[in-house]
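Secondary and tertiary structure notes
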Amino acid sequence: MTFHRLPAGRVVVANAAGEHVLLERSEFLELSEGRLEDLRLIRLLRSKHIIRDPADSLPVELLALKVRTRYAALAEFTKLHIFVVTLRCEHSCQYCQVSRRSSNREGYDMSEATAVAALDVAFRTPSSSLKIEFQGGEPLLNFELIQFIVQQAEQRALELDKDVSFVITTNLALLDDNVIRFCRTHDIGISTSLDGPRDIHNANRPRPGQNSWELAVEGIRRVQEELGHNSIAALMTTTEASLGRAVEIVDTYVELDLLDVFLRPISPYGLAIRSRSHLAYDVEAWLRFYSDGLSHILDLNRLGVPVVERYAAVILRKMLTNDESGYVDLRSPAGIGIAAIVYNYDGDVYASDEGRMLAEMADTTFRLGNLHEDQYEDFVLGEALLAPLDESFALSAPMCSECAFERYCGADPVYHHATTGDFLGRKPLSAFCQRNTGVFELLVERHHDDSFARGQFRKWASR
Amino acid sequence: MIALRGRIAAQRIEGLDRDVWRIGDTTPSPDRAQMLRAGTIPVPGFGLFLVAHDAGILVNEPPGMSILLPIELSYVSTGDVIAITPDRTGVRVLWRTASPVNSVLLTEQCDNFCLMCSQPPRKVDDHWLLEQATELISMLDRDTSGLIFTGGEPTIFGSDFLELLSNCREQIPDAAIHVLTNGRRFSNQAFAEDYAAVAGRSVTAGIPIYGSEPSLHDFIVQADGAFNETVNGILNLAALGSPIELRVVLQKHTAPWIREIADFIARNLPFVDQVALMGLEMTGFARSNFNDVWIDPYDYADDLAEAARHLDSAGIPTAIYNHQLCLLDRSVWPLAVQSISDWKQEYEPICSGCEVREQCCGFFATGRRQVSAHIAPVMRTDPLEEAEPNLTIQEEFSYQTGASLVGLNSANGDIANPPLDDMQTTFVMITRKPESGDPE
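Here's a quick rundown of the structure.

Now for the overall build of chain A. Check the secondary structure of chain A and you find 18 helices and 13 strands. Across the 463 residues in chain A, those meeting the buried criterion constitute 63%. Looking at chain A alone, contacts between residues at least 24 apart form 68% of all its contacts between residues at least 6 apart. Total accessible area on chain A is roughly 17,700 Å²; 49% of this is exposed by carbon and sulfur atoms. In chain A, 49 side chains carry a positive charge and 67 a negative one; their mean positions are 4 Å apart.

The next subject is the packing of helix 13 (residues 353–360) of chain A against helix 16 (residues 413–420) of chain A. Residues and elements named next belong to chain A. Between helix 13 and helix 16, the shortest axis-to-axis distance is 9 Å and the interhelical angle comes to 30 degrees. Classified by the angle their axes make, helix 13 and helix 16 are roughly parallel. Classified by chirality, the crossing of helix 16 by helix 13 is left-handed. Contact with helix 13, carried on its side by Glu-354, Gly-355 and Leu-358, involves Val-414, His-417 and Ala-418 of helix 16 and no other residues of that element. Looking at the contact of helix 13 with helix 16 residue by residue, the classes come out as 3 nonpolar, 2 polar and 1 charged.

A few words now on the pairing of strand 8 (residues 90–95) of chain B. Residue and element names in this part refer to chain B. The buried fraction of strand 8 is high, at 6 of 6 residues. Pairing geometry for strand 1 (residues 5–7) and strand 8, over 3 bridges, is antiparallel. Bridge assignment links Arg-7 to a residue of strand 8, and that residue is Gly-90. Examined bridge by bridge, strand 7 (residues 81–84) and strand 8 share 4 bridges and lie antiparallel to one another. When the bridges of strand 8 are listed, Ile-84 appears paired with Val-91.

A separate point is the packing of aromatic side chains. Residue and element names in this part refer to chain A. Overall, the coordinates contain 23 aromatic pairs over all chains when judged by the stated rule. Relative to Phe-134, the ring of Phe-83 lies with its centre 6.2 Å away and its plane at 55 degrees, an arrangement referred to as tilted. Taken as a pair, Phe-83 in strand 4 (residues 80–84) and Phe-134 in strand 5 (residues 129–135) lie far apart in primary sequence, 51 residues in all. Residue classification places Phe-83 among the buried positions, given a relative accessible area of 0%. By way of ring pairs, the aromatic residues Phe-262, Trp-286, Tyr-290, Tyr-311 and Tyr-327 are connected into one cluster.

Taken as a whole, this structure holds 40 salt bridges over all chains when the rule is applied. Ionic pairing is found between Arg-310 of chain A and Asp-260 of chain A, a salt bridge with its closest N-O pair at 3.0 Å. Residue Arg-310 of chain A is located in helix 12 (residues 310–320), and its partner Asp-260 of chain A is located in strand 9 (residues 260–261); the two are separated by 50 residues in the primary sequence. Lys-344 of chain B is the salt-bridge partner of Glu-281 of chain B, the closest N and O atoms lying 3.1 Å from each other. Note that Glu-281 of chain B is positioned in the loop between strand 14 (274–278) and helix 7 (285–288) and Lys-344 of chain B in the loop between strand 15 (318–321) and strand 16 (345–346), a separation of 63 residues in sequence. Among the residues examined, Glu-281 of chain B registers a relative accessible area of 14% and is labelled buried.

Residue and element names in this part refer to chain A. Two elements in contact, helix 12 and helix 17 (residues 431–449), have axes whose closest approach is 11 Å; the angle formed by their N-to-C orientations is 70 degrees. Relative to helix 17, helix 12 is oriented roughly perpendicular. Our pair here, helix 12 against helix 17, has a crossing hand that is right-handed. Of helix 17, the residues touching helix 12 (which contributes Tyr-311, Ala-312, Ile-315, Leu-316, Met-319 and Leu-320) are Asn-436, Val-439, Phe-440, Leu-443, Val-444 and His-447.

Attention now goes to helix 3 (residues 189–199) of chain B. Turn by turn, an α-helix covers 3.6 residues, leaving residues three or four places apart pointing in a common direction. All names here are of chain B. Along helix 3, the positions that sit buried rather than exposed are Phe-191, Ala-192, Tyr-195, Ala-196 and Ala-199. Buried residues in helix 3, looked at end-on, bunch into an arc of 130 degrees, giving them a common side. Buried residues along helix 3 sit in contact with helix 2 (159–171), strand 12 (203–208) and helix 5 (226–239). Sitting at the amino-terminal end of helix 3 is Asn-188, which places a side-chain oxygen 2.9 Å from the backbone nitrogen of Ala-190.

What follows concerns empty space enclosed by the protein. If you roll a probe as big as a water molecule over the atoms, it shows you where there is empty space left. Residue and element names in this part refer to chain B. A complete count under the given rule lists 9 cavities of 30 Å³ or more for this structure. Lining the second largest cavity are 22 residues; nearest its centre among them are Leu-280, Trp-294, Asn-322, Gln-324 and Gln-370. A per-class count over the lining of the second largest cavity returns 12 nonpolar, 8 polar and 2 charged.

Attention shifts here to the sheet that holds strand 14 of chain B. Residue and element names in this part refer to chain B. Strand order in the open sheet made by the 7 strands is 9-10-11-12-13-14-15, with parallel pairing throughout. Of all strands in the sheet, those with a lone pairing partner are strand 9 (103–105) and strand 15, marking the two edges. Strand after strand, the sheet turns through a mean of 25 degrees between neighbouring axes, direction not considered. Note: strand 9 against strand 10 (residues 146–150), 3 bridges, orientation parallel. The residue of strand 10 that forms the bridge with Leu-105 is Thr-150. Each of strand 10, strand 11 (176–180) and strand 12 touches helix 2; the most contacted strand, strand 11, lies at about 165 degrees to it.

Okay, helix 8 (residues 212–227) of chain A next. All names here are of chain A. Under the 1.5 Å per step criterion, the end-to-end length of helix 8 is 21 Å for 16 residues, consistent within 8% with the ideal 22 Å. Within the sequence span of helix 8, burial applies to Ser-212, Trp-213, Leu-215, Ala-216, Val-217, Gly-219, Ile-220, Val-223, Gln-224 and Leu-227. On the buried face of helix 8, the contacting elements are helix 6 (177–186), strand 7 (188–193), helix 7 (198–204), strand 8 (232–235) and helix 9 (246–255). Taken from the residues just after helix 8, Gly-228 is the one with a positive phi, measuring 105 degrees.

Ranked by size, the top nonpolar core spans 125 residues in total, and within it Phe-83, Phe-134, Leu-194, Tyr-343 and Trp-460 of chain A carry the most contacts. At 10 residues, the largest contribution of residues to this core is made by helix 11 (residues 283–302) of chain A. Apart from residues no more than four positions distant in its own chain, Tyr-343 of chain A is found in contact with His-81, Ile-82, Phe-83, Val-84, Met-110, Ala-118, Val-121, Ala-122, Asp-348, Val-349 and Leu-371 of chain A. Grouped together as the second largest cluster of nonpolar side chains are 114 residues, Val-11 and Leu-45 of chain A together with Met-282 and Ala-319 of chain B included.

Before going further, it helps to examine the sheet that holds strand 7 of chain A. Residue and element names in this part refer to chain A. Taken in spatial order, the 8 strands line up as 8-7-6-5-4-11-12-13 in an open sheet, and their pairing is mixed. The open sheet has two edge strands with one neighbour each: strand 8 and strand 13 (367–370). Taking each pair of neighbouring strands and ignoring which way they run, the sheet shows an average axis angle of 25 degrees. One ladder, built from 3 bridges, connects strand 12 (residues 348–350) with strand 13; its direction is antiparallel. By the bridge assignment for strand 13, Val-349 is matched with Gly-369.

Rules used throughout
- Residues numbered from 1 in each chain as written.
- Chains lettered and ligands numbered in written order.
- Predicted model: local features only at pLDDT ≥ 70, side-chain atom pairs only at ≥ 80, totals over all residues.
- Heavy atoms only, no water.
- Helix = DSSP H or I, 4+ residues; strand = E, 2+ residues; numbered from the N terminus.
- Buried < 20%, exposed > 50% of the residue type's maximum accessible area, 1.4 Å probe, protein only.
- Contact = heavy atoms within 4.5 Å.
- Areas by Shrake-Rupley, 256 points an atom, 1.4 Å probe, with all protein chains shown as cover.
- Lys, Arg positive; Asp, Glu negative; His and termini not counted.
- Charge placed at Lys NZ, Arg CZ, Asp CG, Glu CD.
- Axes fitted to C-alpha atoms, helices over the stretch in contact; angles between N-to-C directions.
- Parallel < 35°, antiparallel > 145°, perpendicular 65-115°, else oblique.
- Left-handed = near helix turned anticlockwise from the far one by under 90°.
- Nonpolar A, V, L, I, M, F, W, Y, C, P; charged D, E, K, R; others polar.
- Pairing = 2+ DSSP bridges.
- Phe/Tyr/Trp six-rings, centres within 6.5 Å; stacked < 30°, edge-to-face > 60°.
- Salt bridge = Lys/Arg side-chain N within 4 Å of Asp/Glu carboxyl O.
- Arc of directions from axis to C-beta.
- Polar contact = N/O pair within 3.5 Å; in protein donor to acceptor, adjacent residues only side chain to side chain.
- 1 Å grid on protein atoms, 1.4 Å probe; cavity = no way out; pocket = protein on both sides within 12 Å on 5 of 7 lines; lining within 4 Å.
- Points joined across faces, edges and corners; volume = space filled by probe spheres on them.
- Expected span 1.5 Å × (residues − 1).
- Core = buried A, V, L, I, M, F, W, Y, C linked by side-chain atoms within 4.5 Å.

Have a look at this one:
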């Protein structure tokens, strides 16, 4: 049994599988001191496998079944394979997580030989279902290689009886008929950036002409029309300019019929850390922003608009089901290498996209090797991957192992390495911990107190 | 209401060597009975003649052994199967071809003693019921589409019950068979394995669960240890790939816990093929324990709706049985099923003005008529477009078994060495494919 006191005084009590109840402080004290007599509460706590009759082994078996189910998916690593097909980009965003290179500079494109070596590795992973994501820079600047990889991967998937799907992460500025046609033929999804209303987006994403938002909106509409509504997902980046404007951001998404909104924090990598823009707002301010956005989304749900907040959906899946979320950044063991792996344009292999960004800043801690020098075994069995996985595992981390929210959370060795210099981090000082704890508290309270939100949360958790 | 049993009015069956008879058509056969009504000409060559009570003066005397049926059973006709009780004083209707679903009683014995049991258990040697059921199966058309075995507790007969299932698989291979069982016997690993081997995918076990932990369930079924045995039985069947339906009866004690029961199922037993949330049939013990089990469904309508939506959100096929639509939140109308068998279904006078009566399950004609104070005609039909009755047995299975062994690495000492047998350690709940839509 683990527990966590909420700011308002109630106490979350959770079991090893992450099922929880919310108790009044007095009830919690009775429970912890072994003098609980309220039969209704005893029955509730037994239902949730938080307490049991010592002679009763079934709760233990069921808990084991639930925990085993959660970890079962680990055997099927690695699902997400990120191909950085070029480092070139025609944008110059202030918080860009990879160093920008002007789009006419040569020597920053992935070669066919590197792509083939990366596919060799990708198809050796045990996962029966691969997802290949094309990133940059702006990956459409090297569209020829994307076409080559897609065709090669489809052929290998057929031979090895695996599923493979594709997504291109693009700012949509270079979307043309040729790209659309190819995406339609090969059922390729599009992931793009949209920071909200025009002024926020364009301030965040300078490009010649100051028309990034207009190009993004035009591209989103075009993809929706020509490839279908399910073919596009947009992600936002939060900056200081976003805070206080959550409602407008959500409304912009809904107006564009983008019904997945991912209210994200800014990450401390790449140019973002250099410009110190991640320090420009604190966790409290972000949590207010998040709470505003979530409330607005639930209000829209009440009106029948089926918009979903993705970060909540990820956490609620972990909170309300026995399944691990597909989300890479909130897992324990960490998702690095075993949920996602990155093949850089130059053949370097990284344990995560953030690990690649650190390398751009001369910190190669998360570089697993090079496709032209090392083997698959070197990448997945090397200390560069195993040490951070091992050292950050939350169930053996101080303050995580006894945290009531451990099952909803994850290990982020890259973030903690970047901010404190070790894989484990110091949780009282960790913005990762503070931010996620705040979100968990918010979600647990809404789930408990608001029956409408509870119904929505269950739908989000299972979608 | 259609009677399914009655006393024999008069009989001439001295020396009759069989008790179970199927009514034939016009072709005489020593294995078939002929039904004689007013004006029917008896045909020599049938093994037995059944005379309708209202047949009047027969044209010819039956040319063989005969039974005069009581008036309430005189509806039986070609294809139906009747059985004479061992003491030869009564007749039971085992099979009605006109019924969409036939229930076959296998025993009145049971090791549960549920407060609201509609078929109160009796400690009697009624093995003959199983024997008559076995004869019934041998007489059915090979393309019979389905049936329900009920009790009492059918598994109480152990291997004889399994042999009956085996006969079903051979003689009516296409039939979807539903067995209503308390599931306790499946906690015996060997029995569960033998059952699964015989039952395959065409037999679904309908198992009641009346609580989210032992104290409530064991109280309701009046048997200590029943909850643990039932849940272990469910886990055993699931690991063996046997189809499972869970049945939750809403009554005074379970209704306040229905949301917790739904959560328990969604979290611990999400692999089941269906959950049925059922209203009370006020007969048997439910009638004698009226004050202890009756609750107006109006009083738990909100909790029932949330529980049903919860299960539905978790991807578990969910059906609501025996609840009138006017007492159900409209959000769960699509889950409501016309569940009351034709032979015991009725409506109230007030229902005549209701616009959704045709979609409504109506009321049990059996037992004490206890009607909610909130029954009222529904006048708006528009939302019913989506209120198509749910399917009763889901074909598709929602979990996989036989996944490889997954080691435990928990900090919780409690589960580091769980007392599991080999089969359960290989069993994980996989309710859906891994998410594919999450970009970085």
